[in-house]
Amino acid sequence: MASHKRRPVRALVTLTVSIVAACAALAIGHFTEGVSPYPDLALDLKGGTQLILTPTVTGDGQREITEEDITQAISIIRNRIDASGVSESEITSMGNSNIMVSIPGTPSQEQLDLIRSSSQMNFRPVLRIGAAQGVIQNQQPSQTGTPQSGEQSGAQSGEQSGAQSGAPATEAAQSGVQSTALDASTAMGIADTNHDGVLSDTPATTPENASDLAWITEQVMYDFLTLDCSAAADVKHVEGASDKPYAACDESGQIKYILGPVAVPGSDLKTATAGLARNSNGQTTGQWAVSLQFNDAGTEKFKDTSTILYGFHESDPSGSSFYQGRPDRNSFAVVLDGTVITAPSMNAIIPNGQAEITGNFTAQSASTLANQLSFGSLPLNFEVESEQQISATIGTDHLTVGLWAALIGFLLVILYLIWQYRGLAIISAGSLVVASVITYLVITLLSWAMGYRLSLAGVAGLIMAIGVTTDSFIVYFERVRDEVRDGRPLQAAVEEGWDRAKRTILVSDAVNLVAAVVLYLLAVGGVQGFAFTLGVTTIIDIAVIFLFTHPMMELLIRTRFFGEGHKFSGLDPEHLGAKSSLVYAGRGRVVARGDSASKNKDDEAGDGLSIAERRRAARLAAAKAQEEAEVASSSESTDDTTVATEEEEN
């Protein structure tokens, strides 16, 4: 069987194109979006913003703040920060009284609000929907609640995902982006139904459930009519009491709601994940959805709520319908920080606590909503005790020292390779330079794409990568040298050495990669930074050894300096103590060891043989050669005797 054709030039071209593409992407980002051409630095090297948060208990009753509350709050805040694209942040507790949050660099206002806000997420039934910005025509609900795949709905329509399209019941000739908020006197005249001049916040009758229209009091109607959701209003919306109705805006500022009391608290939501929706047969529909899973308490509450809301699925004679064909009370709202982040309709009774929100989602919007739902509920409210800019905990001097250490280590490795491998050090130095360039580009692009920040622990991981990459060179070079010592020609030695070395290199890098992944998953803070850079550089090492080191070796072995084993090439057979390259191949044939490796492996001497079998073959070859020499010597003696006899006779 002929060996596969080697294409070293193709591998080098692939690597070059990849590097050029990465450089081009970074340049385009720098000139169009102002992306920094340098990696972002973490808190220990650059400094950042520090917040001291003082927790207060939420809810109606007061209780003592426990260590478990603080631990849960830290976990949720960390998840929020990570989901917002900030890495290498530090979140620690200061006893049971404060939480210290340190963010590297200069965080955006949205990120600071995400941390400072005393977020409480709740599920509330919708009592009424109205336009907040002008008149919205042909508005289509953005999401729909359906049961999880495989669950039976209460009606045939409950098995389908997607929203029912329609238009608001109220039609108007004009439309615009002006706020629909009324002035105080006009709203007072509409909301004060008994005309006593006082806005009552007590229901006229006792509500039967959270979806009862009796919750729409004079006060909440007044709040609804005067609610200004426009950005110009710049009003901080705060969620009302959990057992009271209140008026709220959606995130876009275009829709406003009257919401009933909390039906399911956000703390009862177990998980929220984004993914492709599935139909009743388990097949993907191609539409993105957000899947919800409630805990045991939330399952019972959501079952009761879905039963009530589904009762308004087709009609609601007592209520209103902002969307044509869909009663307002068929929806439930997810409220975060006083704002409605989604208000899907209820298309089925959900008895098992597994719901699915579908609609006009993209992958990004579905992931964003899943993050909001997952990390939205904190067990505590927080007051900002202090907010200040902090300097680097270690300082840029340590970064400079770390970079000098990397440079010195790089030079020492090169000197060792020159002393040990001579001309092969050219390949090693080139590979290290290529690996360094790729690592820099990858870290910089990750800083742009996912907010990665380089910490001092990450720098240590990069320095360690020099040793990891050098180890791959040594394995490869020593395998080739072993083949040369075994008597193979240099080109065959490179082929055989690579075939054996690459398995060892892959196994070694796989071990490093598994260690990096485990360390990243189990650790936090700076240790994660070390594990991340170790994993990234391990992958880069594999790419460099396959796309640069070996192809360069294949090209250089074709040159006279390396191909003929110059004494300074590092592949000099005499210097390496190579054995005779002639071996007995059977049937009186003697071939050069390894010649057939690149031509026909079926004819290769010693292929698949053990060491003992090879030694036996060598002894047979030597005995055969000695026997042939004796026969030749005996033949020459006979010829000499015959010639002498003929001369005497003459």
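Report follows, based on the coordinates. (Residues numbered from 1 in each chain as written. Predicted model: local features only at pLDDT ≥ 70, side-chain atom pairs only at ≥ 80, totals over all residues. Heavy atoms only, no water.)

Below, the discussion takes up the overall build of the protein. Within the protein, the regular secondary structure consists of 16 helices and 17 strands. A total of 650 residues make up the protein; the buried ones form 44% of that total. Contacts spanning at least 24 positions in sequence make up 75% of the contacts within the protein whose residues lie at least 6 apart. Accessible surface computed for the protein: about 32,800 Å², of which carbon and sulfur atoms make up 54%. (Helix = DSSP H or I, 4+ residues; strand = E, 2+ residues; numbered from the N terminus. Buried < 20%, exposed > 50% of the residue type's maximum accessible area, 1.4 Å probe, protein only. Contact = heavy atoms within 4.5 Å. Areas by Shrake-Rupley, 256 points an atom, 1.4 Å probe, with all protein chains shown as cover.)

Attention shifts here to the state of the cysteines. Applying the stated criterion across every chain, the model contains one disulfide. Residue pairing for Cys-229: its cysteine sulfur links by disulfide to Cys-249, the two sulfurs lying 1.9 Å apart. Between Cys-229 and Cys-249, the S-S torsion sits near -80°, and that sign places the bridge as left-handed. A residue pair is termed long-range when its members are at least 10 positions apart, and Cys-229 in the loop between α6 (218-226) and β6 (246-249) and Cys-249 in strand β6 qualify at 20 residues. (Disulfide = S-S within 2.5 Å.)

Turning our attention to helix α10 (residues 425-450). Three- or four-residue spacings in an α-helix give side chains the same orientation, since the helix completes a turn every 3.6 residues. The end-to-end C-alpha distance of α10, which contains 26 residues, comes to 36 Å, matching closely the 38 Å that a straight helix rising 1.5 Å per residue would cover. Taken from the residues just after α10, Gly-451 is the one with a positive phi, measuring 70°. (Expected span 1.5 Å × (residues − 1).)

Attention shifts here to the nonpolar core. Grouped together as the largest cluster of nonpolar side chains are 28 residues, with contacts concentrated most on Leu-424, Tyr-476, Phe-477 and Met-553. Among the secondary structure elements, those contributing two or more residues to this core are α9 (396-421), α10, α11 (456-485), α12 (490-522) and α13 (526-556). Excluding residues that lie within four positions of it along the chain, Tyr-476 makes contacts with Val-494, Gly-497, Trp-498, Ala-501, Ile-505, Thr-549, His-550 and Met-553. With 25 residues, the next largest nonpolar core counts Met-121, Phe-294, Ala-355 and Ile-357 among its residues. (Core = buried A, V, L, I, M, F, W, Y, C linked by side-chain atoms within 4.5 Å.)

A word on the pairing of strand β4 (residues 121-131). With 10 of 11 residues buried, β4 is to be regarded as a mostly interior element. Both β4 and strand β7 (residues 255-259) contribute to a ladder of five bridges, which runs antiparallel. Pairing of Arg-128 across the sheet is with Ile-258, part of β7. (Pairing = 2+ DSSP bridges.)

In this description, an aromatic ring pair is defined by two values, namely the gap between the centres and the angle between the planes. The tally for this structure, following the rule as stated, stands at 14 aromatic pairs. Ring centres of Phe-123 and Phe-332 lie 6.2 Å apart, and the angle between their planes is 40°; on these two criteria the pair is classed as tilted. Taken together, the positions of Phe-123 in strand β4 and Phe-332 in strand β11 (residues 332-336) put the pair 209 residues apart, joining distant regions of the chain. For Phe-123, a relative accessible area of 2% corresponds to the buried category. Between Phe-302 and Phe-332, the aromatic rings sit 5.5 Å apart at their centres with planes inclined by 85°, giving edge-to-face as the arrangement. Pair noted here: Phe-302 is in helix α7 (residues 296-310) and Phe-332 is in strand β11, with a separation of 30 residues, a long-range link. (Phe/Tyr/Trp six-rings, centres within 6.5 Å; stacked < 30°, edge-to-face > 60°.)

Counting across every chain of the model gives six salt bridges. Asp-268 is paired through a salt bridge with Lys-301; the nearest N and O atoms lie 3.1 Å apart. With Asp-268 in the loop between β8 (264-265) and β9 (269-278) and Lys-301 in helix α7, this residue pair connects regions lying 33 residues apart in the sequence. Given a relative accessible area of 8%, Asp-268 falls into the buried group. The partner of Arg-500 in a salt bridge is Glu-483, and the shortest N-O contact between them spans 3.0 Å. Residue Arg-500 is located in helix α12, and its partner Glu-483 is located in helix α11; the two are separated by 17 residues in the primary sequence. (Salt bridge = Lys/Arg side-chain N within 4 Å of Asp/Glu carboxyl O.)

Here strand β14 (residues 354-359) lies mainly inside the structure; five of its six residues are buried. Relative to β14, strand β10 (residues 284-294) is paired through five bridges, and the arrangement is antiparallel. Residue pairing for β14: Ser-291 is matched across the bridge by Glu-356.

Below, the discussion takes up the environment of Leu-424. Looking at where Leu-424 falls in the secondary structure, it is placed in the loop between α9 and α10. Non-local contacts of Leu-424, meaning those with residues more than four positions away in its chain, are made with Phe-477, Met-553, Phe-562, Ser-569, Gly-570 and Leu-571.

Here the focus is the packing of helix α5 (residues 184-191) against α6. Across the interface, α5 lies against α6 with an axial gap of 9 Å and an inter-helix angle of 145°. Seen along the crossing, α5 lies across α6 with a hand that is right-handed. Of α6, the residues touching α5 (which contributes Ala-184, Ala-187, Met-188, Ile-190 and Ala-191) are Glu-218, Met-221, Tyr-222, Leu-225 and Thr-226. (Axes fitted to C-alpha atoms, helices over the stretch in contact; angles between N-to-C directions. Left-handed = near helix turned anticlockwise from the far one by under 90°.)

A word on the environment of Leu-51. Its location among the elements puts Leu-51 in strand β1 (residues 48-57). The spacing of Leu-51 and Ile-103 is 52 residues in sequence and 8.5 Å in space, taken between C-alpha atoms.

With respect to the helices, strands and loops of the structure, Thr-444 is situated in helix α10. We classify Thr-444 as buried; its relative accessible area is 1%. Excluding residues within four positions of it along the chain, Thr-444 makes contact with Leu-26, Ser-36, Pro-37, Tyr-38 and Pro-39.

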